[in-house]
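# Breakdown of the fold
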Amino acid sequence: MSSSSPAPTYYIIFATVAVLVLKSVNEVVTEPYMDEPFHVPQAQAYCRGDYWTWDPKITTPPGLYVLSSVLKKLFMLKCNLPMLRLTPLLSLLALPIALTPLVSYHKRERPPSSLATPLLDAVILASFPLAWFFGFLYYTEVPSLVTVVSSVVLAMQGRHWLAALIGLISCTFRQNNIIWVFYAYVLSQVLYLRFRRALPSEKALTKLHDPPALEASPADLLWSVLSAPRVLPDILSNFVPYALVLAAFGAFVLWNGGIVLGDKANHVPAFHVPQLYYFVGFATAFGWPALLSGRGGVSALLRGIAARMFGSKRNTAVTCVVSAIMCLTIYKFTIQHPFLLSDNRHYTFYLWRRVFLLHPVVPYLLVPGYIACAWAWYLRIGHDQTLLQNLLLPVFVVPTLLPTPLLEPRYFLIPYILLRVQVKDVPLWGLVLEGLWYAGINAVTMWVFLYRERTGVGRFMW
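Within each chain, residue numbers correspond to sequence positions counted from 1 in written order. Local features in a predicted model are, by the rule used here, given only for residues with pLDDT of at least 70; side-chain atom pairs are given and counted only at 80 or more, and totals for whole chains, interfaces and linings are based on all residues. Where side-chain values are given, they derive from all heavy atoms of the structure, hydrogens and water being excluded.

### Regarding the nonpolar core
- By convention a nonpolar core is built from buried Ala, Val, Leu, Ile, Met, Phe, Trp, Tyr and Cys residues, the set being connected through side-chain atoms within 4.5 Å. For each residue, the accessible area found with a 1.4 Å probe, counting protein chains only, is set against the maximum for its type, and the residue is called buried under 20%, exposed over 50%, and partly exposed in between. Counting 118 residues, the largest nonpolar core has Phe136 and Tyr416 as the members making the most contacts within it.
- When residues of this core are assigned to their parent elements, the largest contribution, 12 residues, is made by helix H10 (residues 178-195).
- Throughout, a contact is declared for two residues whenever any of their heavy atoms are within 4.5 Å. In this view, Phe136 contacts Ala18, Val21, Leu22, Val25, Arg85, Leu89, Leu92 and Met446; residues no more than four positions away in its chain are not counted.
- Listed in part, the 12 residues of the second largest apolar core include Val40, Cys47, Leu64 and Tyr138. A helix here means a DSSP run of H or I that spans at least four residues, while a strand means a run of E at least two residues long, and both kinds are numbered starting from the N terminus.

### Focus: the environment of Leu165
- Relative to the helices and strands, Leu165 resides in helix H9 (residues 160-171).
- A relative accessible area of 43% places Leu165 in the partly exposed class.
- The sequence separation of Leu165 and Val245 amounts to 80 residues, and the corresponding C-alpha distance is 7.8 Å.

### Notes on the packing of aromatic side chains
- Ring geometry is summarised as follows: Phe, Tyr and Trp rings, the Trp one being its six-membered ring, pair when their centres sit within 6.5 Å, and such pairs are stacked at plane angles under 30 degrees, edge-to-face over 60 and tilted between the two. Under the definition given, this model contains 39 aromatic pairs.
- For the ring pair Phe128 and Phe282, a centre distance of 6.1 Å and an interplane angle of 85 degrees mean the geometry is edge-to-face. Placement of Phe128 in the loop between helix H6 (120-126) and helix H7 (129-133) and of Phe282 in helix H13 (residues 274-292) is noted, with a sequence separation of 154 residues between them. Assigned by exposure class, Phe128 and Phe282 land together as buried.
- Judged by centre distance (4.6 Å) and plane angle (50 degrees), the rings of Phe282 and Phe286 are tilted. A residue pair is termed a helical-turn pair when its members lie 3 or 4 positions apart in one helix, as Phe282 and Phe286 do in helix H13 at 4 residues. Just as Phe282 is buried, Phe286 falls in that class too.
- Through successive ring pairs, a cluster of aromatic residues spans Phe128, Phe279, Phe282, Phe286, Tyr347, Trp377, Phe412, Tyr416, Tyr438 and Trp462.
- The ring of Phe449 has Arg459 sitting right over it, with the charged end atom 6.0 Å from the ring centre. Ring-over charges, as used throughout, are those where CZ of Arg or NZ of Lys falls within 6 Å of the ring centre and within 35 degrees of the ring normal.

### Let's talk about the pattern of salt bridges
- In what follows, salt bridge is the name for a side-chain nitrogen of Lys or Arg lying within 4 Å of a carboxyl oxygen of Asp or Glu. Taken as a whole and judged by the stated rule, the model has 14 salt bridges.
- Across the pair Glu36 and Arg85 runs a salt bridge whose closest N-O atoms are separated by 2.8 Å. Within this pair, whereas Glu36 is found in helix H2 (residues 36-47), its partner Arg85 is found in the loop between helix H4 (81-84) and helix H5 (86-107), the two being separated by 49 residues in sequence.
- Between Arg345 and Asp343 there is a salt bridge whose closest N-O contact spans 2.8 Å.

### Describing the environment of Phe173
- Structurally, Phe173 can be placed in the loop between H9 and H10.
- Along the backbone, Phe173 and Pro62 are 111 residues apart, and their C-alpha atoms lie at a distance of 6.7 Å.
- If we ignore the near neighbours within four places in the chain, the residues touching Phe173 are Thr60, Pro61, Gly63, Leu64, Leu67, Thr140, Pro143, Ser144 and Thr147.

### A word on the state of the cysteines
- For this text, the term disulfide refers to a pair of cysteine sulfurs within 2.5 Å. What the rule picks out here adds up to 1 disulfide.
- At a sulfur-sulfur separation of 1.7 Å, the disulfide partner of Cys47 is Cys79. Taking the sign of the S-S torsion, -40 degrees for the link of Cys47 and Cys79, the bridge is left-handed. In this pair, Cys47 is assigned in helix H2 and Cys79 in the loop between helix H3 (63-75) and H4, connecting sequence segments 32 residues apart. Each member of the pair, Cys47 as well as Cys79, carries the same accessibility label: buried.

### Looking at the side chain of Asp210
- Among the structural elements, Asp210 can be located in the loop between H10 and helix H11 (218-235).
- Under the convention used here, Asp and Glu are negative, Lys and Arg are positive, and both His and the chain ends fall outside the count. There is no salt bridge for the buried Asp210, and the closest opposite charge comes from Arg194, which lies 6.4 Å off by N-O distance.
- Distance and chemistry together define a polar contact, namely a pair of N or O atoms within 3.5 Å, with one atom able to donate a hydrogen and the other to accept it when in protein, and with adjacent residues in sequence counting only for side-chain atoms on both sides. A polar side-chain atom of Asp210 sits 2.7 Å from a polar atom in the side chain of Thr386.
- Discounting residues that sit within four places of it in the chain, Asp210 has contacts with Val190, Ser224, Thr386, Leu387 and Leu388.

See the structure below:
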């Protein structure tokens, strides 16, 4: 089976294993854990029809609880912990279906005619460890991801009113999804401007300067910005539904006095520049099978990175300047959140202590690695993409991650999925390697969570 063929067997295996894992989680973790003690009582209040009781410690809107209430009424479910955990599980099962048209679009292939046959690429991407793990706990992550992906797909299909509506729903799971609503619109318009063609009887269309990513220079970015006003009249009409969503979100922020809904003292926005570097390292640590499976393999990728960083005097100078700026931002803007330093039930607690705090110089030694990883992704997704396509996701990652003071892998979930899906030419062996990599991580992290609970500490999780 090729990597672009429908994979009903793989999806059946994916769904079967997911159901069995949820069964084990419900048998072993019989009480709400970590954030669940906040979410579960709130959902049960909604199931009773009590929509006015609200736990002030909850930071996100009630989309998760509304979805559980709808599922309760549709399927006559109870609102106990095992049944509530069905909400993220069903979202996890929907994720390959939602991802399939997005994968197909980047591959420039027709998606399968049946929803029951998602692509192998989509099945493997849906088993990404962060999505997989939180598909079994009563958290907002997976429903949030599914709605964001669906909004992006609908926007790319030109169904902008429905895309905006689904984007608005995504904001009821996590407020900062408003950024991804705007991303869906901008990406769809960049692609529309790239591929639109005038009919023979029509006059030539106004063009956006957007050269191939791997051939572009810094000057091209400037020309792209300068050419943007000329095409705005052609794309503004499609912005209307998204503008309504932005207006509704603005009204919410004014009413709420900020973006964070509750527990505002522990979720104060910050200027956390190194969070962007952590994401690049995170994406590379998880996505290396996709990175290394391109044309020419590891050696071609390494040559490309070396050329971009040190291939000329100008490149070397730019690399040195960027490194210096990054070191300065690490020195000035590194944030050690109290949760990161105190909560030893998360892997980031040990990563921070055993890597970043190993020696004061360690964070600065990682800077060349961050730059190399960024170039690796730029080169890997740049095949058959334009300059703006390549740069669009990083532009939207900045407002997503920059204000977050806590090093939290869950914040990287949506950006990673939207980045990884742009690698369109992973061969079958690369997908198998990626699937095995994800499966190994999933098996270890779930086994540790279920069966390696430490007295006085608790269960370990992302």
